[in-house]
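So the chains spell out like this:
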Amino acid sequence: MKLLYVAPRYHTNQMDIMKGLTESGHEVRFISHYAALIEDYSCVTPIVLGYSPLYRLIDFLYVKVIHRKDPEAIVFKIQHGFPPLGKLKRLICEFAPDLVILRERSVYSMAAYLVCRKKGYPCILYNQNPLWSEPPKTDPAHRLVAKLTPALRMTPVMGLKKPGTVVRKNDYFVPFVVNPRRAPKERTYFADGRIHILCIGKYEIRKHHLMLLRAVRRLKEKYKLKVTLVGEATNRFQKEYCGQVKDYVASHHMEDMVTVKTNVARRDMEREYLSADLYVIPSTLEMASVSQLEAMSYSLPVIVSDTNGTACYVEDGVTGFWFQDCDEADFQDRLDQMLSDRERMKRMGAAGYQALSEKYNYRCYFETIMGMRERILQEKI
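This is a predicted model, so every value here is computed, not measured. Position numbers for residues count from 1 along each chain, tracking the sequence in the order it is written. Local features in a predicted model are, by the rule used here, given only for residues with pLDDT of at least 70; side-chain atom pairs are given and counted only at 80 or more, and totals for whole chains, interfaces and linings are based on all residues. With hydrogens and water set aside, each side-chain value is computed from the structure's full complement of heavy atoms.

**Student:** Report on a positive patch on the surface, specifying residues and quantitative values.
**Tutor:** Together, Lys64, Arg68, Lys69 and Arg236 make up a region of like positive charge exposed at the surface. Every helix listed is a DSSP run of H or I at least four residues long, and every strand listed is a run of E at least two residues long, numbered separately from the N terminus. Tracing the backbone shows Arg68 in the loop between α2 (53–66) and α3 (76–80). For the exposure calls, accessible area comes from a 1.4 Å probe over protein chains only, and a residue counts as buried if that area is under 20% of its type's maximum, exposed if over 50%, partly exposed in between. Judged by relative accessible area, Arg68 falls into the partly exposed class, the value being 48%. Residues with no salt bridge and a relative accessible area higher than 30% make up the patches, which join like charges within 9 Å and nonpolar side chains (Val, Leu, Ile, Met, Phe, Trp, Tyr) within 5 Å. Areas reported as accessible are Shrake-Rupley estimates using a 1.4 Å probe. Residue values count occlusion only from the protein chains shown. Criterion for a salt bridge: a side-chain nitrogen of Lys or Arg within 4 Å of a carboxyl oxygen of Asp or Glu. The charge count includes Lys and Arg as positive and Asp and Glu as negative, but it does not include His or the ends of the chains. Note that the charge is assigned to NZ on lysines, CZ on arginines, CG on aspartates and CD on glutamates.

Written out as structure tokens, the structure is:
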């Protein structure tokens, strides 16, 4: 099979999917809008197509001039950026894919979908909106967007079944894929007698690094702790916030128990997971994170916010704990509860490893997208 992916960037949450596809003998082409600082091309090297010259001018004015003080302005291009259409069409048509996966309902994806629809290439929309969601809006603008993007959608976010939410007939839950890395019996815990806490996330305010550090400071007399923060700090907003995190560590004399790392290469991340005993995601507004699955692949228990889009990958009380989003007291209580029983931490890590092996594997992913492709062809969707 020939599979084409078109997405803003070649994200790390695609790594084991690409590995599974290529090792199974499939041919993969990945077209990205841009390249991030930390990416791993060991399985697939993306074609960084970029944006139309006209859009690059628009983006410069939007980010550097009009919204120069807004750290979120850089994501404007994900929804609104448009490609060099001639180059995009040539890359798609010369590859002649058997299946196309388009990321987001964006202008870029619409352009790719128009090319694919004309040529008869089956397409699936991939985004991270919850499976359980409110009924679709029917105003003219939303109907137009729906017509200009694939009818079948897959998402790694389950969402919550509650009054007012539904699962649309063309929507599928397709979880992230992470391969098992280290079984419980193949790793050690609690090196040097301390509990090592790992937190991975871009240095942004919503990631709540400071909330984690405040909780750790209040618990440091009760437990022997070591905390490692790993995250991206590439733009000026991230660097400024990273500076605040380092200032907090220094002002509270926590240098002996907290290590702040930036821009760690993907190939070096295994060392961080194997050095940890507990993985924590204190962030809010987390649409979908894959890092808890990566932690589970190394047999680590996880603490995650109850509003994290992929919190469903962590079974509360079995493979880790959920805490109430943005509730610092509840977060500290759950952290305290976790740290109080080292044997339970190891049992949770083992349960997470087993769950990952059974539910979040390449075979499940591939069988689902092939079933979606068959439906597209049969029903001519």
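**Student:** Describe the packing of helix α7 (residues 209–219) against helix α11 (residues 328–339), listing the residues and the values that go with them.
**Tutor:** Packed helices, taken two at a time, are described by their axes: the angle between them and the distance between them. An axis is simply a line fitted to the C-alpha atoms; with a helix, the fit covers only the stretch in contact. Between two such axes, the angle follows the N-to-C directions and lies from 0 to 180 degrees. Closest axis-to-axis distance for the α7/α11 pair is 10 Å, and the angle between their directions is 55°. With respect to their mutual orientation, α7 and α11 come out oblique. Where α7 crosses over α11, the two elements pack in a sense that is right-handed. Along its contact with α7, which presents Met211, Leu212, Arg214, Ala215, Val216, Arg218 and Leu219, the element α11 presents Glu328, Phe331, Gln332, Leu335, Asp336 and Leu339. Roughly parallel here means an angle under 35 degrees, roughly antiparallel means over 145, roughly perpendicular means 65 to 115, and every remaining angle is called oblique. Handedness of a crossing follows from how the near helix is turned relative to the far one, being left-handed for an anticlockwise turn of less than a right angle and right-handed for a clockwise one. Between two residues, a contact is recorded if the distance between any of their heavy atoms is within 4.5 Å.

**Student:** I'd like a description of the packing of aromatic side chains, backed by residues and values.
**Tutor:** Ring pairs are drawn from Phe, Tyr and Trp, using the six-membered ring of Trp, whenever the two centres fall within 6.5 Å, and their geometry is named by plane angle: stacked under 30 degrees, edge-to-face over 60, tilted for the rest. Applying the stated criterion across every chain yields a total of 14 aromatic pairs. Consider the rings of Tyr10 and Tyr41, whose centres lie 5.8 Å apart with planes at 50°: the pair is tilted. Placement of Tyr10 in the loop between β1 (2–7) and α1 (15–23) and of Tyr41 in the loop between β2 (27–32) and β3 (47–48) is noted, with a sequence separation of 31 residues between them. The buried category is assigned to Tyr10, whose relative accessible area is 2%. Taking 4.9 Å as the distance between ring centres and 65° as the angle between the ring planes, the aromatic pair formed by Phe323 and Phe331 counts as edge-to-face.

**Student:** For the sheet that holds strand β6 (residues 153–155), give the residues involved together with the corresponding values.
**Tutor:** Strands sit in the order β3-β2-β1-β4-β5-β6-β7 across an open sheet of seven strands; the sheet is parallel. Taken across any chain shown, the strands that pair with only one partner, and hence form the sheet edges, are β3 and β7 (171–173). Pairing between strands requires that DSSP locate at least two bridges from one strand to the other. Sheet topology places strand β4 (residues 99–103) next to strand β5 (residues 123–126); four bridges connect them, and they run parallel. Opposite Val100, over in β5, you have Cys123 as the bridge partner.

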